[in-house]
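These are the residues of each chain, in order.
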Amino acid sequence: MGLTFGMSGDDVTIRWIVSGAETGGLQVGDVVKTIDGATVLDPGEARRRELGAPGTHVTFAVLRGAQPHTVTLTRAP
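Bear in mind that the values here come from a model prediction, so they are computed numbers and not experimental data. (Residues numbered from 1 in each chain as written. Predicted model: local features only at pLDDT ≥ 70, side-chain atom pairs only at ≥ 80, totals over all residues. Heavy atoms only, no water.)

## Quick word on the pattern of salt bridges
Pairing of side chains with opposite charge becomes possible as their charged atoms draw close. Basically, it comes down to this: What makes a salt bridge here is a side-chain nitrogen of Lys or Arg within 4 Å of a carboxyl oxygen of Asp or Glu, nothing more. The helix count covers DSSP runs of H or I at least four residues long, the strand count covers runs of E at least two residues long, and both are numbered beginning at the N terminus. In this scheme, a residue with accessible area under 20% of its type's maximum is buried, one over 50% is exposed, and one in between is partly exposed, where area comes from a 1.4 Å probe on protein chains only.
Going through the model one piece at a time under the given rule, you end up with four salt bridges. With its nearest N and O atoms 2.7 Å apart, the salt bridge here joins Asp 30 to Arg 64. Of this pair, Asp 30 sits in the loop between β2 (11-17) and β3 (31-35) while Arg 64 is found in strand β5 (residues 57-64), placing the two residues 34 residues apart along the sequence. Looking at Arg 64, the relative accessible area reads 25%, which means it is partly exposed. Linking Arg 49 and Glu 45 is a salt bridge whose minimum nitrogen-to-oxygen distance equals 3.2 Å. Of this pair, Arg 49 and Glu 45 both sit in helix α1 (residues 43-50), separated by four residues, roughly a single helical turn. Taking relative accessible area as the criterion, Glu 45 reaches 13% and is therefore assigned buried.

This is the structure:
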């Protein structure tokens, strides 16, 4: 997906996005709450949950400031 995750306090955040990656509006600094409905507690878990079969969908629920956002992406072939 071209995302790198990190921690900010107790929150998993998007730390880096590969240039040119299709992010559906995800931004560096977004707090990742769930991926495909599962609560994400650490960057390793976020990485494992973002991976999947090419062409399948993955849904991120994030907070940007106090605003919740839901973004669904298609995994690259």
